[in-house]
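One-letter residues, chain by chain:
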Amino acid sequence: MQPIVDTSLWLAHKRRALAHPTAGADFLMRRAAEELAERLGAVERKFDRAAVLFCQTPAAVDVLATSGKVTDIVRVEADAAFLDHAAGLVAPLETVPFEPESLDLAVSLLSLQAMNDIPGMLVQIRRALKPDGLFLGAFAGAGTLSELRESLLAAETELYGGASPRVIPFTDVRDAGALLQRAGLALPVADVETVTVRYDSLFGLMADLRVMGETSALVDRSRRPGTRKLFARAAEIYAERFSDADGRVRASFPIVWMSGWAPDASQQKPLKPGSAKISLKTILENPGGH
C-alpha cells in the first residue's frame, strides 16, 4: 500500500514539539482526555489490563488511572522520549505489541490519523483484546483544518497556477464505522465532535500547529518551501472566507470517536430477519399500542 503519511517525519515533528513545550499547545489532547473520561465513565464494568497506544502524552493514562476502573495500565509509545522516564513499552508506530487475547481495554487518542494502515491497526487491536474487550479511540477526522486547506489551495493556485497538497487527508465518521466492522469488532459505534478554535489570523493557527507537532507530514508534500508571499495571500483568503464579525478566524478540528468490542457470545445480537413477534407495519398502524 502506497503510504500517505511520512510517519518518521510526523514523529520528528512530535519530538521537536516535546523538546520545546508551549503552554496550552495540548488543548486538543486535553479535550480528548476529558471526553475519554466521560465515555469510560458510561461503561458499567471494570478492566484488569489496559493498553494506551501512541498517545504521546500521559493524559490518557491519567484518565484510566483516576477512573477506578482499570487495574493494570501499559503505555506504548513510538519513542522513549514520549514516555519521559515513565514506565511503558517502545514499539514501532502502527503495531500492537501484545499477545492475542491479552487485553481487556485498548485506548488510542489522536494518533490514528497519522497511520497509513488504520484497518490493519484496528485488526491488531481486536486480536489483542480478550473476548468482550473494549476499544476506545479518537482521531482527527474529515474536515480537520478544512479552512486552512482551502485557503492554501486557493492562494497557491492563484500565484503559481497549480497546487500541491499541504494538509493530510482525514477519515470521515462513516468510514470509521465501516473500519470497525471490517476489523471484526462487535457493536461498533462512531461519532464526531467538532472543536472550533478561533485565532487572530492564519499565522496564529500555523504557530499552534508547529508547537503541537502537527505540521505537514505528507509523503507527497511539496518540496518547494512555502514563500512569504504564499502565506500572506493565504492569510488574506482565510480572513475573507472564514472570519467572524470581530475579524477573528475559525479553525475546525472534528474529532472522530470510535468504540467497538471484541466479539463474545454474551453480547447482544440483532434479531434474525423474520424472527420479530410483531411486524413494523402493525406498530406503525397502531402507534398507541399493540
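The structure presented is a predicted model; accordingly, all values stated were derived computationally and were not measured.

**Quick word on the sheet that holds strand E3 (residues 89-90)**
- Read across the sheet, 7 strands follow the order E3-E2-E1-E4-E5-E7-E6 without closing on themselves; strand pairing throughout is mixed. Two strands close off the open sheet at either side, each with one partner strand: E3 and strand E6 (186-199).
- Two elements, strand E5 (residues 129-140) and strand E7 (residues 249-261), share 7 bridges in a ladder whose sense is antiparallel. The residue of E7 that forms the bridge with Leu136 is Ser259.

**Here we look at helix H7 (residues 173-182)**
- Among the residues making up H7, those that are buried are Ala176, Gly177, Leu179 and Leu180. Buried residues in H7, looked at end-on, bunch into an arc of 160°, giving them a common side. Turned more than 90 degrees from where H7 packs its buried face, Arg174, Gln181 and Arg182 sit exposed.
- Capping of H7 at its N-terminal end is provided by Asp172; its side-chain oxygen lies 3.1 Å from the backbone amide nitrogen of Arg174.
- Immediately beyond the C-terminal end of H7, within one or two residues, lies Gly184, with a positive phi of roughly 90°.

**Points about the nonpolar core**
- Ranked by internal contacts, the top residues of the largest apolar core, which has 93 residues, are Leu53, Leu64, Leu109, Phe135 and Phe253.
- In terms of residue count, the dominant contributor to this core is E7 (8 residues).
- Residues contacting Leu64, with those up to four places away along its chain left out, are Leu36, Leu40, Ala50, Val52, Val70, Ile73, Leu105 and Val107.

**Description of the packing of helix H5 (residues 118-128) against H7**
- As a packed pair, H5 and H7 sit with axes 9 Å apart at the nearest point and diverge in direction by 45°. Comparing their axes, H7 and H5 come out oblique. H7 is crossed by H5, and the crossing has right-handed handedness. Residue-level inspection shows Ile118, Pro119 and Leu122 of H5 in contact with H7, the latter providing Leu179, Leu180 and Arg182.
- Residue composition of the contact of H5 with H7, by class: 5 nonpolar, no polar and 1 charged.

Analysis parameters
Residues numbered from 1 in each chain as written. Predicted model: local features only at pLDDT ≥ 70, side-chain atom pairs only at ≥ 80, totals over all residues. Heavy atoms only, no water. Pairing = 2+ DSSP bridges. Helix = DSSP H or I, 4+ residues; strand = E, 2+ residues; numbered from the N terminus. Buried < 20%, exposed > 50% of the residue type's maximum accessible area, 1.4 Å probe, protein only. Arc of directions from axis to C-beta. Polar contact = N/O pair within 3.5 Å; in protein donor to acceptor, adjacent residues only side chain to side chain. Core = buried A, V, L, I, M, F, W, Y, C linked by side-chain atoms within 4.5 Å. Contact = heavy atoms within 4.5 Å. Axes fitted to C-alpha atoms, helices over the stretch in contact; angles between N-to-C directions. Parallel < 35°, antiparallel > 145°, perpendicular 65-115°, else oblique. Left-handed = near helix turned anticlockwise from the far one by under 90°. Nonpolar A, V, L, I, M, F, W, Y, C, P; charged D, E, K, R; others polar.

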